[in-house]
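Breakdown of the fold
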Amino acid sequence: MDKVWIKKSLIGMGAMRLASRFAGDGVAIIMYHSVMKDPTAEQTTLGGIIHSSEVFRAQMEVIVRHFHVVHLDDVVLFLNGKKTLPPRAVVVTFDDGYADNYQVANDILSPLGIPAVFYVTVDCIDKQHLPWPSLLRYAFLTSKQKCWTEGDGQVWPFASTEDRIRAFDRASEHCSRLAGIPQDQFVRSLTEQLGAEPPRLLRRPMMTWDEVRGLARNGHTVGSHTMTHPNMAHVNENDARAELAESKCRIEKELGTSVVHFSYPCPALQPHWISRTVSASREIGYQTAVTTNGGMVRRRDNPLSLRRIRPTKTVDGLRWNLECAFLGRTV
Ligand SMILES: [Zn+2]
């Protein structure tokens, strides 16, 4: 039997919804990045992290109809044993801080009464440039050269798009270990080596601080996604602490409110968080940190390493992933 048909039937019968009520309490934190009218427009920079505004709107309508949206602050109380969440509780989150978060997603979320969480990358907002994975992706996909020669002499040919993506993945492994100025220098010198132009964007890439403040005014939560988007488990301890502390301080200064929620960037390498970063985030004053590990958040989980759910690019796909998560299946 057709898999899609089986999924649709199970969802349609309400069987999974009923079963999820007996699977114990918890919350599903959904992870988005970018929402655009035309997701193909920025393929060379953002790749697969864009949702079409049409699909995103339909996914949010499903969430309002079949789930209960809660605030991240309620999740903190739930994890501390001080609050019970409604059944089928969901939190909607966004990573990186793209301009469309305010210009597109906010316009869809607000009329539906959905409060979301926006984790912003401070340096990208300050300097209005895309996070480094997008800058490198663009350089590798648009380079006119025939190959890239890595520092150790290994040659990565550019015969096909797949070749270019493989080389980009390799370069990302190097870059994800760097933060701040060394990361910036790595991106610049690699872009030069590849003879690539800066990305030709159709619009301003990141939110302005005014827009971030606008989200907060609309009842959304703003959290940190570091200063420069490194892999926190692979940078040295000083850099990791600086990324946690400086971004918190900077966003608090811009918003005039305290910032207690953090999202781990997950470029290239695994793991993207470790016990050292969990301790540092606690000491620095964060109450929660979300990861890209898949699954539900349950009552006994550590608030500083929370799992999230990938929304997929279809309405039924999101519904299926959520129903599976509430039944205790990792997605
Ligand atoms: Zn990110």
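Bear in mind the structure is a predicted one, so any value in this text is a computation, not a measurement.

**Quick look at the nonpolar core**
- Of all hydrophobic cores here, the largest spans 71 residues; its most connected members are Phe94 and Leu322.
- When residues of this core are assigned to their parent elements, the largest contribution, five residues, is made by helix H7 (residues 132-142).
- Both of domain 1 (3-129 + 201-326) and domain 2 (132-193) provide at least three residues apiece to this core.
- Residues in contact with Phe94, not counting those within four places in the same chain, are Tyr32, His33, Val35, Phe56, Asn101, Ala105, Leu109, Ala116, Val117, Phe118 and Tyr119.
- Within the second largest apolar cluster, 15 residues are counted, among which are Val70, Leu79, Leu85 and Val117.

**Regarding the domain arrangement of the chain**
- For the chain, the assigned domains read domain 1 (3-129 + 201-326) and domain 2 (132-193).
- Domain 1 puts 18 residues into the contact, and the matching count from domain 2 is 15 residues.
- Summed over both partners, the interface of domain 1 with domain 2 buries about 1,300 Å², with 58% contributed by carbon and sulfur atoms.
- Of all residues in domain 1, Thr44, Thr45 and Leu269 bury the most surface against domain 2, accounting for 34% of the area lost on that side.

**Considerations on empty space enclosed by the protein**
- This structure, assessed with the given rule, holds one cavity of 30 Å³ or more.
- Taken as a whole, the largest cavity spans an internal volume of roughly 110 Å³.
- Considering the residues around the largest cavity, the lining is formed by 13 residues, among which Met36, Glu42, Arg203, Arg204 and Pro205 are closest to the centre.
- Elements with a minimum of two residues in the lining of the largest cavity: strand S2 (34-36) and helix H5 (99-112).
- Per-class residue counts for the lining of the largest cavity are seven nonpolar, two polar and four charged.

**Concerning the environment of Ser53**
- Among the structural elements, Ser53 can be located in helix H3 (residues 53-66).
- Residue classification places Ser53 among the buried residues on the basis of a relative accessible area of 16%.
- Placed 18 residues apart in sequence, Ser53 and Val35 show a C-alpha to C-alpha distance of 5.5 Å.
- Contact partners of Ser53, with chain neighbours within four places excluded, come to Val35, Met36, Lys37, Val104 and Ile108.

**Focus on the environment of Lys144**
- Take Lys144: it is sitting in the loop between H7 and strand S7 (147-149).
- The exposure class assigned to Lys144 is exposed, which follows from its relative accessible area of 78%.
- With 51 residues separating them in the primary sequence, Lys144 and Gly195 have C-alpha atoms 7.2 Å apart.

**So, the coordination of the zinc ion**
- Taken together, Asp96 (OD), His225 (NE2) and His229 (NE2) make up the full set of protein donors to the zinc ion, lying 2.1 to 2.2 Å away.
- Written as a sequence motif, the donor residues of the zinc ion are D-x128-H-x3-H. Residue His225 shares its accessibility class with His229, and that shared class is buried.

**Description of unusual backbone geometry**
- Here the bond from Gln270 into Pro271 is cis, since omega is -5°, no more than 30 degrees from zero.
- When you line up the elements, Pro271 lands in the loop between strand S10 (261-263) and helix H12 (275-284).
- Not every positive phi belongs to a glycine, and Gln128 is a case in point at roughly 50°.
- Residue class for Gln128 comes out partly exposed when judged on its relative accessible area of 26%.
- Phi is positive for Ala268, close to 60°, though the residue is something other than glycine.
- With respect to the helices and strands, the residue Ala268 is situated in the loop between S10 and H12.

**Looking at the layout of surface pockets**
- Reported here for the largest pocket is a volume of approximately 710 Å³.
- Lining the largest pocket are 31 residues; nearest its centre among them are His33, Leu46, Ile49, Pro133 and Cys266.
- Where the lining of the largest pocket is concerned, the elements lending two or more residues are strand S1 (27-32), strand S5 (89-96), H7 and helix H8 (161-175).
- Considered class by class, the residues forming the lining of the largest pocket number 14 nonpolar, 11 polar and six charged.
- Of the domains in this structure, domain 1 (3-129 + 201-326) and domain 2 (132-193) are the two that each give at least three residues to the lining of the largest pocket.

What counts as what
- Residues take numbers from 1 onward in each chain, read along the sequence in its written order.
- Only residues with pLDDT of at least 70 get local features here, since the model is predicted, and only at 80 or more are side-chain atom pairs given and counted; chain-wide, interface and lining totals rely on the full set of residues.
- Each side-chain value is worked out from all heavy atoms of the structure, with water and hydrogens disregarded.
- Residues belong to a common nonpolar core when they are buried Ala, Val, Leu, Ile, Met, Phe, Trp, Tyr or Cys residues joined through side-chain atoms within 4.5 Å.
- Three exposure classes are used, based on accessible area relative to the maximum for each residue type with a 1.4 Å probe and protein chains only: buried under 20%, partly exposed in between, and exposed over 50%.
- Helix numbers and strand numbers start at the N terminus; a helix is a DSSP run of H or I with at least 4 residues, a strand a run of E with at least 2.
- By convention here, the domain bounds are inherited from an automatic or database domain assignment.
- Two residues qualify as a contact provided that any one of their heavy atoms is within 4.5 Å of a heavy atom in the partner residue.
- A 1.4 Å probe defines the accessible area here, and the buried area is the portion of it lost by two parts on being joined, summed over both.
- A cavity here means a set of points on a 1 Å grid, drawn over the protein atoms and nothing else, where a 1.4 Å probe fits but cannot get out; a pocket is an open set with protein on both sides within 12 Å along at least five of seven lines, and a residue lines either one if it has an atom within 4 Å of a point.
- Grid points are joined across faces, edges and corners, and a volume is the space filled by probe spheres set on the points.
- By the convention adopted, Pro, Cys, Tyr, Trp, Phe, Met, Ile, Leu, Val and Ala count as nonpolar, Lys, Arg, Asp and Glu as charged, and the other residues, Gly among them, as polar.
- Each metal's donors are the N, O and S atoms found within 2.8 Å of it, except that Na, K and Ca use a 3.2 Å limit; water is left out, so coordination can look incomplete.

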